[in-house]
Amino acid sequence: MTTLDKSRVFDHAVEVLKENDRGSYTVPTKGLYPFQWNWDSCFTALGQNYYDEDRAWTEIETLFEHQWPDGMVPHIVFHVHDDGYFPGPDVWATGRPTATSGITQPPIAGFALRQLFERAKDRTAAERRARELLRKIDKWSAWFYANRDPHGEGLVAILHPWEAGRDNSIDWDEAFERVPTEGIAPYTRRDTQHADPAHRPTKAQYDRYLWLVEHFRKLGWDNSKLHDASPFQIVDPGFNAILIRGCADLAMVAEALGESEIATANRARAEKGLAALDRLWSESHGQYLCLDRTTGNLVDSASIGGLLPVFATIPAERARAIARTIERMGERAKYLVPSHDPADARFDSKRYWRGPVWLVCNYLIVDGLAAAGKTAVADRIIASSLELIQQSGFAEYYDPMTGEPLGGGRFTWTAAMVLEFLD
Ligand code: 9YW
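Now for a look at the structure at hand. (Residues numbered from 1 in each chain as written. Predicted model: local features only at pLDDT ≥ 70, side-chain atom pairs only at ≥ 80, totals over all residues. Heavy atoms only, no water.)

1. A look at the sheet that holds strand 7 (residues 297-298)
Two modes of strand pairing occur in sheets, parallel and antiparallel, and in both the strands are linked by backbone hydrogen bonds. Under the convention used in this document: At least two DSSP bridges between two strands are required for those strands to pair. Only DSSP runs of H or I reaching four residues or more are called helices, and only runs of E reaching two or more are called strands; each is numbered from the N terminus.
With respect to topology, three strands assemble into an open sheet ordered 3-6-7, the strand pairing being antiparallel. The open sheet has two free edges, formed respectively by strand 3 (234-235) and strand 7, since each of these has just one partner strand. Summarising the sheet, strand 6 (residues 291-292) and strand 7 pair through two bridges and their orientation is antiparallel. Paired with D292 across the strands is N297, a residue of strand 7.

Printed below as a string of structure tokens:
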């Protein structure tokens, strides 16, 4: 790798963030994703914090202005009209004052809140803004366990692949066979007009994404009904780990602000979640696996969703095993961390969440590995990430074999993560 000109890369990352900034929220990239996405915004705020603390808080505050009365925070907020994305507000038809989607996304807000709070230079503003957000994020956490863990198991289910943020992961293939496609309204995809169709989900997958949306819409987006009515109920270890870590971080902020009730509730959620997560461990894969709640079986699919739990405080031997699994993948892939095990025949180095490297996942894994003392692997992942952007720019995702940039370009969360890696 050519030597990294840190200040040039820093400036370039800030340029990408500013280019996608729409004032009070940031789009993931112009063209392909012209609205506000939930977990993108939380990662984005971490990047914005390097050059504008006030703007970083606003990014998350804007997202939470669109929290539903029941506590859910939607995965997309459609702030402005834009035909460039499908499915738009008319398909979701959630009836919100500002249109939103009707499903959620990985709850990274608790983690982001703690980061902004602890790094803040303006302490007075940080305390005021953190207190406001704390209540809202706590309400979202409570929503998860009430609506997505109806039997109190300590683990929540996602009801749509878009909720995991890993749209076409191999994790969902089996469960998707149970999702019908009959009766869906005819539609035209937009994503394939912005990005290479060979790097995107297939039509068969899109049909099922839409069937689920239409099914939930017919149920009036009533979250008390959706879980039991969904043929797709997956307990994703990565999603749960993000929620668990978010609850633990929320508890820390609550403690610092003297909000003991919120602190106690979230510490309890995190502890229960962590204990339950261990049910998803696979010794033979050296990582966690998804659980299909409909069948009660673990899903035999070694995806990055099963490595992400290192982001929560999992037992040390589990973190060590995950580090070994990643090192093993590094023998096949030039760049870390592939979103699916390259040794699996279903691995596809270019197709979205079935193989490519995503810098946000790298970031969560690095954070966890570093906390677990696995610094050599963590450093290798950081080096890989910076090499990718140097070689291929701020892409949406990258081919782990060649480093080729894939999907959308000049991507916000990629730029935000680079600022974190440079730090
Ligand atoms: C979609 C915005 C989103 C991410 C998801 C990613 C992709 C496509 O892009 O979703 O149509 O929502 O899978 O994780 O939040 O960057």
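2. Section: the packing of aromatic side chains
The geometry of two aromatic rings is summed up by the distance between their centres and the angle between their planes. The line we're drawing: The aromatic pairing rule takes the rings of Phe, Tyr and Trp, using the six-membered ring of Trp, and pairs them if the centres are within 6.5 Å, calling planes under 30 degrees apart stacked, those over 60 edge-to-face and the rest tilted. Geometrically, a lysine NZ or arginine CZ counts as sitting over a ring once it is within 6 Å of the ring centre and also within 35 degrees of the ring normal.
The tally for this structure, following the rule as stated, stands at 35 aromatic pairs. Arranged with centres 4.8 Å apart and planes meeting at 80°, the rings of W281 and Y288 form a pair that is edge-to-face. Above the plane of the ring of Y206 lies R189, whose end atom (NZ or CZ) is 3.8 Å from the centre. Note that R245 overlies the ring of F311, its terminal NZ or CZ placed 4.4 Å from the centroid.

3. Considerations on helix 12 (residues 237-256)
Residues that lie three or four places apart on an α-helix share one face, since the helix turns once every 3.6 residues. Stated precisely, the cut-off is as follows: Each helix should span, by expectation, one fewer than its residue count multiplied by 1.5 Å. Here's how the labels work: a residue is buried when its accessible area is under 20% of the maximum for its type, exposed when over 50%, partly exposed in between, all with a 1.4 Å probe on protein chains only. Two N or O atoms count as a polar contact when they lie within 3.5 Å, although within protein this holds only if one can serve as hydrogen donor and the other as acceptor, and sequence-adjacent residues are included solely when both atoms are side-chain atoms.
Between its first and last C-alpha atoms helix 12 spans 29 Å; for 20 residues at 1.5 Å apiece the expected length is 28 Å, and the two agree. Within helix 12, 16 of the 20 residues are buried, leaving the element largely enclosed by the surrounding structure. Two to three positions downstream of the cap, the backbone nitrogen of G238 sits 3.0 Å from a side-chain oxygen, assigning the N-cap of helix 12 to D236. Once helix 12 ends, the next one or two residues include G258, with phi positive near 75°.

4. Points about the site of the ligand
Under the convention used in this document: The near set for a molecule or strand comprises every residue that places at least one heavy atom within 4 Å of it. Throughout this entry, Asp, Glu, Lys and Arg are counted as charged residues, while Ala, Val, Leu, Ile, Met, Phe, Trp, Tyr, Cys and Pro are counted as nonpolar. The remaining residues, Gly among them, count as polar.
Neighbouring the ligand are 13 residues, the closest being D40, Y85, Q105, G165 and D167. At a separation of 3.0 Å, an oxygen atom of the ligand approaches a polar side-chain atom of W353. By residue class, the composition of the shell around the ligand is nine nonpolar, two polar and two charged.

5. Remarks on helix 10 (residues 203-218)
This is how it is decided: Contact between two residues is taken to exist if any of their heavy atoms lie within 4.5 Å; hydrogens are not considered.
For helix 10, which comprises 16 residues, the first-to-last C-alpha distance of 22 Å matches the rise-based estimate of 22 Å (1.5 Å per residue) to within 8%. Considered for burial, the residues of helix 10 that qualify are Q205, Y206, D207, Y209, L210, W211, L212, V213, E214, H215 and F216. Looking at the buried side of helix 10, the elements it contacts are helix 4 (89-92), helix 7 (161-164), helix 8 (173-176), helix 9 (191-194) and helix 11 (223-229). Just downstream of helix 10, G220 is the residue with a positive phi angle, here 65°.

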